[in-house]
Amino acid sequence: MCGIIGYVGGREATPVLMEGLRRLEYRGYDSAGVCVADAKNELHLLRAVGKLSKLDEKVREDTPKGKVGLGHSRWATHGKPSEDNAHPHTDCTGKLVVIHNGIIENYLELKADLQAAGHQFRSETDTEVVAHLIEEGLKPFAGGRATPDLKEPMLFEAVRKAFLKVRGAYAIAILWAETPGMLIAVKTASPLVVGLGEGESFLASDVPAFLEHTRKAVFLEDGEMAILKKDGVSFFKLSGGKVEKKPQTIAWDRAMAEKAGYRHFMLKEIHEQPQTVADTLRGRLYPLKAGSLAPETGLTSEVLSKADRIELLACGTAHHAGLIGKYLIEHFAGIPAEAEMASEFRYRDPVLDPNALVVAISQSGETADTLSAVKLAKGRGLRVVSVCNCLGSALSREADFNLYTHCGPEFGVASTKAFTGQLAALAVFAMQLGLSRGKLSEPEARAFVDELVRLPALMRQTLKLDAQVLELAKRYFRVRDFLYIGRHVNYPIALEGALKLKEISYIHAEGYPAGEMKHGPIALIDETMPVVAVATESSVLEKMLSNVEEAKARGAIVIALCTEGEKRLVGRADHILTLPKTHEFLYPILNAVPLQLLAYHIANLLGCDVDQPRNLAKSVTVE
Ligand code: AGP
């Protein structure tokens, strides 16, 4: 989730770009850069790794002059944080620059073709491929054969043709030194908004970047392009043809705009999940064959087929993801998997199978217990796969293989989008394990992928439960104890739902395997304790229905999650939240959503600091 900003107008571009990047810092950054074209058609490019202040230092020393430019703050997805990998990226000529937010799925094959055509690459990023693709499209006009008035349509066509070859998610902006009066923007699956000023135009990932200059905005749709000039912006379809776009007036103040109008980052991040799950799955489902993750992660079919046991190490919410990963791996790959709290693993004297593969899960990649557990395992000769949200983090540097979640920065201390991103990544990993070990047939894998592809839409549908969940929160936010129960792959969801509630509302909540109720917890139940039963469709649904009966017979208030079409909870549960159908092993990704919303609304009604709950830190870097 990078931050992009572009400007063309009557003012010096650099101050506008730098202020815009500061306004987008909440989108995360590990490096940044700006590029400005001067009146002599020369480009001035500055980039710096680290905080925006590092770029600021360079800009102050040598301020690029010019009235058109691009700026970018990077949240790395492909290629470690470094100056070479920082945007903007240039083509071979150095006269065309590109900035990008998103993921180019087919960048490796495009890069190979371009290298075969003689293009030299300077970075590890997917983005740089776009600059060289456009350069290829301009070659027929190279050598100054084009008159100035032809250069703009040339660039437009070269960009349009380049994007007919690109697959993935992109909000891209392009500046060519030969056409310094204009910027081109292209959008598919990543946000891109245009700001319409007086005698100046802006483009950005998000409105805070230019809100102080104009409140007139046009949000591009997928497959649209824009040509920005100081006297106005025109819009086109990638497939060709002009598009009329109606500007909107942004009423938000800046703080609201950073949260996209949501009251808290946590709520924004809950609602981002369809996009972040889609981004985490992007480029990892096809081709449907063993080893297809290897080009990105190094996880070849050989590495995966050699693993005869999986150790999942993590803390907190990430540990709950690991528990679900255990079910996925054992089901799809047929090998034993153990999900352990890193804080326990590291102090045990674990007996480890030398052919085990460790999967370390961490949003931040900086959790001390997880890092120590990983180091212990590596010390025993085991190799480590990280499922991490932060490139360049300690865990990603320690791991032998990195399967990143592409969720963008998560600001809410209560982990939400990172959790469902971890589950999506673990689903892909389990499937790859199964294919590599010959346990999962291609038809079975295809059926699973068909369901994975539907997840973002099903999550959007599930988010529509928000109003019903809010009513439940209003009814029960003063309750002092909650019990969450689930079975099988949804038992960890009971743990996760309870953790969400307790960590932001400070209400005591326990998650339990439903089968354990009769071994103690059922003594707790009475009419003052709501029981949240995760009872979506599964091989153990009958058992869950019995557990709901047991709870009701003791006077409990039952809030049940169930699958659309399921009628047997009617008359048994007091409240029913109905979710769309999906694959049994993917329900955790859907079930997490209403439980996140329930925790959020209860905490909000209690006046708790939802984004920064007491006693907690976003990343526990101490033991
Ligand atoms: C979850 O909502 C908490 N913020 C916490 O349990 C968190 O999941 C845990 O500290 C692990 O953090 P990590 O994913 O960054 O390693």
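Everything that follows concerns the structure shown earlier in this document.
First, a word on what this report is: a plain description of the structure on this page. (Residues numbered from 1 in each chain as written. Predicted model: local features only at pLDDT ≥ 70, side-chain atom pairs only at ≥ 80, totals over all residues. Heavy atoms only, no water.)

1. A look at the overall build of the protein chain
Counting its secondary structure elements, the protein chain contains 20 helices and 25 strands. Relative to a compact globule of 623 residues, whose C-alpha radius of gyration would be 25 Å, the protein chain shows 25 Å and is just as compact. Expressed along its principal axes, the backbone C-alpha trace of the protein chain runs to roughly 85 × 55 × 45 Å. Every one of the 623 residues in the protein chain was classed for burial, and the buried ones make up 61%. The contacts of the protein chain with a sequence gap of at least 6 include a subset with a gap of at least 24, amounting to 72%. (Helix = DSSP H or I, 4+ residues; strand = E, 2+ residues; numbered from the N terminus. Rg over C-alpha atoms; globule rule 2.2 N^0.38 Å. Buried < 20%, exposed > 50% of the residue type's maximum accessible area, 1.4 Å probe, protein only. Contact = heavy atoms within 4.5 Å.)

2. Concerning the sheet that holds strand β10 (residues 200–204)
Spatial ordering of the open sheet is given by β3-β2-β4-β1-β10-β9-β11-β15, a layout of eight strands whose pairing is antiparallel. Edge positions in the open sheet fall to β3 (43–49) and β15 (248–249), since each of these has one partner strand only. Across five bridges, strand β1 (residues 3–9) lies against β10 in antiparallel orientation. When the sheet's bridge partners are listed, G6 is paired in β10 with L203. Contacts from helix α2 (residues 52–61) reach β2 (31–37) and β3 within the one sheet, and its direction differs from that of β3 by about 145 degrees. (Pairing = 2+ DSSP bridges. Axes fitted to C-alpha atoms, helices over the stretch in contact; angles between N-to-C directions.)

3. Considering the pattern of salt bridges
Following the criterion strictly, the structure yields 43 salt bridges and no others. Across the pair E136 and K139 runs a salt bridge, and its minimum N-O distance is 2.6 Å. Classification of E136 as partly exposed rests on a relative accessible area of 27%. Where K417 meets E272, a salt bridge forms, and the shortest distance between an N and an O atom there is 2.7 Å. Separated by 145 residues along the polypeptide, K417 in helix α15 (residues 417–436) and E272 in the loop between α7 (265–271) and α8 (273–281) bring together distant segments of the chain. (Salt bridge = Lys/Arg side-chain N within 4 Å of Asp/Glu carboxyl O.)

4. Quick notes on the nonpolar core
Counting 95 residues, the largest nonpolar core has I310, I329, F429, F482 and Y484 as its most contacted members. Here this core gets 12 residues from one element, more than from any other, and that element is α15. Once residues lying within four places of it in the same chain are set aside, the contact partners of F482 are Y476, L501, I507, H508, A509, E510, M529, P530, V532 and I602. The next biggest cluster of nonpolar side chains, apart from the first, holds 32 residues, and it includes V129, I172, W176 and V186. (Core = buried A, V, L, I, M, F, W, Y, C linked by side-chain atoms within 4.5 Å.)

5. Examining α8
Counting buried positions over the nine residues of α8 gives seven, a clear majority of the element. Residues of α8 that are buried include every one of Q273, P274, T276, V277, D279, T280 and L281, and no others. One or two residues past the end of α8 sits G283, with phi positive at roughly 80 degrees.

6. Side note on the site of the ligand
As a matter of local geometry, the ligand sits amid 14 residues, with S362, S364, T367, V413 and E503 nearest to it. At a separation of 2.7 Å, an oxygen atom of the ligand approaches a polar backbone atom of Q363. With the chains in place, 91% of the 410 Å² that the ligand exposes on its own is no longer accessible. Those elements that place two or more of their residues in the shell around the ligand are α11 (316–333) and α18 (491–505). For the shell around the ligand, the element with the highest residue contribution is α11, accounting for three residues. Along the lines of polarity and charge, the residues of the shell around the ligand split into five nonpolar, seven polar and two charged. (Near = heavy atom within 4 Å. Polar contact = N/O pair within 3.5 Å; in protein donor to acceptor, adjacent residues only side chain to side chain. Areas by Shrake-Rupley, 256 points an atom, 1.4 Å probe, with all protein chains shown as cover. Nonpolar A, V, L, I, M, F, W, Y, C, P; charged D, E, K, R; others polar.)

7. Things to note about the packing of aromatic side chains
Applying the stated criterion across every chain yields a total of eight aromatic pairs. A ring pair is formed by F202 and F210, whose centres lie 5.8 Å apart and whose planes are at 35 degrees; its orientation type is tilted. Pair check on accessibility: F202 and F210 agree, each one buried. Both rings, one in F332 and one in F585, keep their centres 5.7 Å apart while their planes meet at 65 degrees; by these two values the pair is edge-to-face. A residue pair is termed long-range when its members are at least 10 positions apart, and F332 in helix α11 and F585 in the loop between β25 (575–579) and α20 (587–605) qualify at 253 residues. (Phe/Tyr/Trp six-rings, centres within 6.5 Å; stacked < 30°, edge-to-face > 60°.)

8. A closer look at unusual backbone geometry
Glycine aside, the phi torsion of most residues is negative, and most peptide linkages are trans. The omega torsion across H87 and P88 is 0 degrees, close enough to zero to call that bond cis. Tracing the sequence through the fold places P88 in the loop between β4 (68–74) and β5 (89–90). With an omega of -5 degrees, the peptide bond running from Y286 to P287 counts as cis. Although it is not a glycine, N41 sits at a positive phi angle of roughly 65 degrees. Take N41: it is sitting in the loop between β2 and β3.

9. Some words on the packing of helix α3 (residues 107–116) against helix α4 (residues 128–138)
Angle between the axes and distance between the axes are the two parameters that describe a pair of packed helices. The contact between α3 and α4 brings their axes to 10 Å, and the two run at 45 degrees. Between α3 and α4, the angle is such that the two are oblique. Taken as a pair, α3 and α4 cross one another with a handedness that is left-handed. Facing α3, whose interface residues are Y107, L110, K111 and L114, α4 presents V129, H132, L133 and E136. (Parallel < 35°, antiparallel > 145°, perpendicular 65-115°, else oblique. Left-handed = near helix turned anticlockwise from the far one by under 90°.)

10. A word on the environment of H213
Mapped onto the secondary structure, H213 falls in the loop between β10 and β11 (216–219). Under the relative-accessibility criterion, H213 is labelled partly exposed at 24%. Residues H213 and V16 lie 197 residues apart in sequence; the distance between their C-alpha atoms is 9.2 Å. Once residues within four sequence positions are removed from consideration, H213 is found in contact with R11, V16, E200 and F202.

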